[in-house]
Amino acid sequence: MWTPWCWAQLPAFSRLPNKPARMFFLPGPAQPGLFFWAPPRQDCAMSDDDIIISAEAVIRPGDLREDFIRASGPGGQNVNKVATAVQLRFDAANAEGLSGRVRARAIRLAGQRATKDGVIVIEAGRFRTQEQNRADARARLTALVAKAAEPPPPPRKKTKPSKGAVERRLKAKAGRSTVKKLRGRVDGE
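Analysis parameters
Residues numbered from 1 in each chain as written. Predicted model: local features only at pLDDT ≥ 70, side-chain atom pairs only at ≥ 80, totals over all residues. Heavy atoms only, no water. Pairing = 2+ DSSP bridges. Helix = DSSP H or I, 4+ residues; strand = E, 2+ residues; numbered from the N terminus. Axes fitted to C-alpha atoms, helices over the stretch in contact; angles between N-to-C directions. Contact = heavy atoms within 4.5 Å. pLDDT = per-residue confidence, 0-100. Core = buried A, V, L, I, M, F, W, Y, C linked by side-chain atoms within 4.5 Å. Buried < 20%, exposed > 50% of the residue type's maximum accessible area, 1.4 Å probe, protein only. Parallel < 35°, antiparallel > 145°, perpendicular 65-115°, else oblique. Left-handed = near helix turned anticlockwise from the far one by under 90°. Nonpolar A, V, L, I, M, F, W, Y, C, P; charged D, E, K, R; others polar.

## A look at the sheet that holds strand β8 (residues 119-124)
- Read across the open sheet, the 3 strands follow the order β6-β7-β8; overall the sheet is antiparallel. Where the open sheet ends on each side, the last strands, each with one partner, are β6 (64-69) and β8. The sheet shows a mean angle of 20 degrees between the axes of neighbouring strands, direction not considered.
- Across 6 bridges, β6 lies against strand β7 (residues 85-91) in antiparallel orientation. In the sheet register, Ile69 faces β7, and the bridge partner there is Ala85.
- Across the sheet, helix α3 (residues 130-149) touches β6, β7 and β8, and the angle it forms with β7 is around 35 degrees.

## What about the environment of Arg138?
- In this structure, Arg138 sits in helix α3.
- Between the C-alpha atoms of Arg138 and Val86, which are 52 residues apart in sequence, the distance is 9.9 Å.

## Comments concerning the environment of Phe90
- The residue Phe90 is located in strand β7 in this model.
- Put simply, Phe90 and Arg60 are 30 residues apart on the chain and 9.5 Å apart in space, counted from C-alpha to C-alpha.
- With sequence-adjacent residues up to four places away left out, Phe90 is seen in contact with Ile59, Asp63, Leu64, Ala95, Leu98, Gly118, Val119, Ile120, Leu141 and Val145.

## Looking at the confidence of the model for the protein chain
- Looking at the protein chain as a whole, its pLDDT mean stands at 77, while 73% of the residues score no less than 70.
- Confidence, expressed as mean pLDDT per element, reaches its minimum in the protein chain at strand β1 (residues 14-15) with 40 and its maximum at helix α4 (residues 163-182) with 95.
- Here residues 1-46 scores under 50 on pLDDT; set against residues more than four positions off or in separate chains, the count is 86 contacts.

## As for the nonpolar core
- Counting 25 residues, the largest nonpolar core has Ile59, Phe90, Leu98, Ile120, Leu141 and Val145 as the members making the most contacts within it.
- Sorting elements by how many residues they give to this core places α3 first, with 7 residues.
- Apart from the residues within four sequence positions on either side, Leu98 is in contact with Glu56, Ala57, Val58, Phe90, Ala92, Arg103 and Val145.

## Some details on the packing of helix α2 (residues 100-110) against α3
- Between α2 and α3, the least distance of the axes is 8 Å, while the angle of their chain directions is 125 degrees. Taken together, the axes of α2 and α3 are oblique relative to one another. With respect to the hand of their crossing, α2 and α3 are arranged in right-handed fashion. Residues Arg101, Val102, Arg105, Ala106, Leu109 and Ala110 of α2 pack against Leu144, Val145, Lys147, Ala148 and Ala149 of α3.
- In the contact of α2 with α3, the residues fall into 8 nonpolar, no polar and 3 charged.

See the structure below:
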């Protein structure tokens, strides 16, 4: 999982030439790439800065709420004593930094992670430390909003089959019809 505000954890990204270190390039399958800006970081701890994904999508720190819970799975005493897992809540329905299109698409893409009130809940507990889980949760939220901010695909162009294709289809249908007629009972004349 990628972490856009921690330069050390971005092996999948390439820094853009002649751009500051906080500008990243995310290659995508449908488009040449998605650009987003992340504030400069000394470590991977949480920041009070806005996460700017595009002109239509900005995650403000006031829209985020973090709760720390005990992680599930193996880990022995550490898991039982320390609340390292993070439950990140993003109020997408009331977020001022999201346009209407991005807001609706983010809630739809979140699926079961979105509540009826439009709050996206992301749980991160893969790592042993709170800092890494915080960064992981924010990275997953940023990826979700970045996917929602992608431009819609171009509308489908209606096409008609060519004249030759129509003629070939009708000729093939006539041939099959003849074959099926010949399969009937033979009269004894």
